[in-house]
Amino acid sequence: MISGDVNVGKDGKLIEIENLSKIYKTGDFEVHALRGISLNVKKGEFVAIMGASGSGKSTFMNILGCLDKPTKGRYILDGIEVGGLNRDQLAEIRNKKIGFVFQGFNLLSRTSALENVELPLFYCSISQKERKEKALEALKIVGLADRVNHHPNQLSGGQQQRVAIARALVNNPSIILADEPTGNLDSRTSVEVMEIFQKLNEEGKTIVLVTHEPDIASFTKRHILFRDGKIKSDSLNNDIKIASEVIKYLPKIDEEGE
Amino acid sequence: MKFLNILLAAFRALHRNKMRSFLTMLGIIIGVGAVIIMLAIGQGAEYSVKEQISSLGQNILIIFPGSQQQGTTRSGAGTMTTLTEEDAAAIAKECPAVAYVSPGSRAGGQVIAGNMNWQTGIEGVGASYLEIRKWKIEYGEFFSEQDVKAASKVCVLGKTVAKNLFQDSDPVGQTIRIRNVPFKVLGVLSEKGQNSMGQDQDDVILAPYTTVLRRLSHFPYLRSILVSAVSPNDIPKAQEQITSLLRQRHKISAWEQDDFTIRNQADIASMATATSEILTILLASIASVSLIVGGIGIMNIMLVSVTERTREIGIRMSVGAKSRDILTQFLIEAMVLSLLGGFIGILFGVIGSKVVSGFAGWPTFITSFSILLSFGFSILIGVFFGFYPARKAAMLNPIDALRYE
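Quick notes on the rules
Residues numbered from 1 in each chain as written. Chains lettered and ligands numbered in written order. Predicted model: local features only at pLDDT ≥ 70, side-chain atom pairs only at ≥ 80, totals over all residues. Helix = DSSP H or I, 4+ residues; strand = E, 2+ residues; numbered from the N terminus. Buried ≥ 20, exposed ≤ 12 C-beta atoms within 10 Å, placed from the backbone. Contact = placed C-beta atoms within 7 Å. Core = buried A, V, L, I, M, F, W, Y, C linked by C-beta atoms within 7 Å. pLDDT = per-residue confidence, 0-100. Nonpolar A, V, L, I, M, F, W, Y, C, P; charged D, E, K, R; others polar. Axes fitted to C-alpha atoms, helices over the stretch in contact; angles between N-to-C directions. Left-handed = near helix turned anticlockwise from the far one by under 90°. Expected span 1.5 Å × (residues − 1).

A word on the overall build of chain B. Scanning chain B for helices and strands turns up 13 helices and twelve strands. Sorting the 405 residues of chain B into buried and exposed places 43% on the buried side.

So this is what it looks like as structure tokens:
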């Protein structure tokens, strides 16, 4: 059994990656998506992974999220060596330690916001009452307490992404992984979503976010730039923008889908 | 708890596609309904055959003379002249498993009463014939042992004969002429109805077998001996005792075959029920074909559903669903389809068989066995045809499933 508690190593490392490679074989060709990545992420960090498309950042994200396995290298998440785990053990890691936010929201259609948020809890032993309580709590955090019974098609894009964030939060994971979370959103909604991420980070959540927009990355604390399957640069952001401040200067748009 | 969640998810998925779920179930509904109706008809037929056979009387053994053989030419059963009145008397005296014995002879002919006449069969029987056949006298009385010994010219009429010769007047005490021999009518038998072959059992005249042998058929041997065993369990014992007694009396050596045949009620019954059982199996197996077609329908829809919901499967996997969870979810969906279909199919079958028996006038019988069978069969179909699509879903790669458009 893997607990959701954060077991930070002696030096506070939540993620330790050493010389990670991923090679895809398509026919006779070998595609080197990742060529020896090494990096550490400490608890409480807010990291933006940037890079052009094809730079390997999505592949890296999939491995980070235990959706895919590396070809070579070591990946230790929260003290657990992930490389040696089987399918079901990886599923359990995803369930207990990782919260996912996708570009396309990936909510279940024709299913209420509440049930969507409850989904990760369906796959662990927890009472129905506790499940509902936790899901409502998570929806409250993202500011959707009044939309619990709405279906995704009755919610705006920003609201859908907030449901997805609530779903990522509900299991109290060690890390939240967001793959282009603002890719399908307009600029004001994007900032609203970043505001939620900043709030969660302030409360101690570790967040790794993939984006190709520098504007979005400017809300994070650390920037890692990928190019051709390698890390090109890894630097702290000295000029962090505060989303709740930025939003005041953006023109208001009527919320759609009401 | 976790299982309950998966069950809930399966129900929700089916609820979301109500029309499709219903149409898929329809295959199972029709299949199960058809199996139940066919079994009901078959078992109804079986029941009525058994009913008719038991209406012949119970514990009955019939002894026929064997077939005659001259050189290589063999005549049919009953052509041998081996059974005598003395054989019948010996059976009654020496076989403890035998309760009643009624020697039988037969004659046919025109029967005249006043200005009416009627062609019918005259059965020569013993005084205990009615006890063996469980038959009753409606009015008047049956002839006695005394009448049999004396070969009195007395008789008892079947209901059909009484109606045709006397209409509404009372035949008791009247005289009828059978082949110009006058017989006094002692009584009228109660109605017995048709036998399993559709013959009118009431179209008969019963007379002492001695009278029939001496006055009508002028033939010294018996056509048959009707015997009843003390109880149904004693039938094999009675058969054994009669066989050894008759072999001894007829001086048949150990390597020779019997010159008589004994048929018992159980043989006749098992023959007839075997026939109707074959009918039941035939009907049910034709109906099961539609059940299997229904199962293939489930598999088809589940495969479509898995493809259509690849993204959903990806989402579920990304939040921590294991292969087993996905497998269970889709398997349960298939099973809910087939079980629900099975349940509605049973209702449909029960109503359908009532309608069939109402319109066609056939007896139908729904046993708990046929309900359990079709219910079990539909569960099996759900598992069997649901497994492949469910496994396909469970084996999906999470990333591929998430990227699926």
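Moving on from the model shown.
Right, let's talk about the overall build of chain A for a bit. When its secondary structure is counted, chain A shows eight helices and ten strands. In chain A, which comprises 258 residues, the proportion classed as buried is 47%. Across chain A, every contact between residues at least 6 apart in sequence was considered, and the portion connecting residues at least 24 apart equals 72%.

Within the largest apolar cluster, 123 residues are counted, with the highest numbers of intra-cluster contacts made by A:Ile49, A:Val117 and A:Ala166. The dominant element in this core, judged by the number of residues it contributes, is helix α2 (residues 18-54) of chain B, at 14 residues. Setting aside residues up to four positions removed in sequence, A:Ala166 forms contacts with A:Val117, A:Ala138, A:Leu139, A:Ile141, A:Val142 and A:Leu144. By size, the runner-up hydrophobic cluster in this structure holds 55 residues, among which are B:Cys95, B:Val148, B:Cys155 and B:Val185.

Now for the confidence of the model for chain B. This prediction gives chain B a mean pLDDT of 85; 93% of its residues lie at or above 70. The ipTM assigned to the predicted complex is 0.90, against a pTM of 0.69.

Facing 20 residues of chain A, the contacting portion of chain B comprises 18 residues. Here the side of chain A that touches chain B gets six residues from one element, more than from any other, and that element is helix α2 (residues 87-97) of chain A. Its residues placed into classes, the side of chain A that touches chain B shows eight nonpolar, five polar and seven charged.

Residue and element names in this part refer to chain A. At a minimum axis separation of 9 Å, helix α3 (residues 113-122) and helix α4 (residues 128-141) run at an interaxial angle of 120°. As for the relative orientation of α3 and α4, their crossing is right-handed in sense. Facing α3, whose interface residues are Ala113, Leu114, Val117, Glu118 and Leu121, α4 presents Arg131, Lys134, Ala135, Ala138 and Leu139. Looking at the contact of α3 with α4, its residues break down into seven nonpolar, no polar and three charged.

Take helix α11 (residues 323-360) of chain B next. Because each turn of an α-helix spans 3.6 residues, side chains separated by three or four positions in sequence point in the same direction. The end-to-end C-alpha distance of α11(B), which contains 38 residues, comes to 53 Å, matching closely the 56 Å that a straight helix rising 1.5 Å per residue would cover. Directly after α11(B), the chain includes B:Gly361, whose backbone phi takes a positive value near 75°.

If you check the backbone angles, A:Asp78 has positive phi at about 55° while not being a glycine. Among the structural elements, A:Asp78 can be located in the loop between β4 (72-77) and β5 (80-81). Even without being a glycine, B:Asn180 presents a positive backbone phi close to 70°. Topologically, B:Asn180 is positioned in the loop between β8 (175-178) and β9 (181-189).

Before going further, it helps to examine the environment of B:Val336. Residue and element names in this part refer to chain B. Structurally, Val336 is set in helix α11. With 19 C-beta atoms counted inside 10 Å, the residue Val336 sits in the partly exposed group. Residues within four places of Val336 in sequence aside, it is in contact with Ala10, Phe11 and Leu14.

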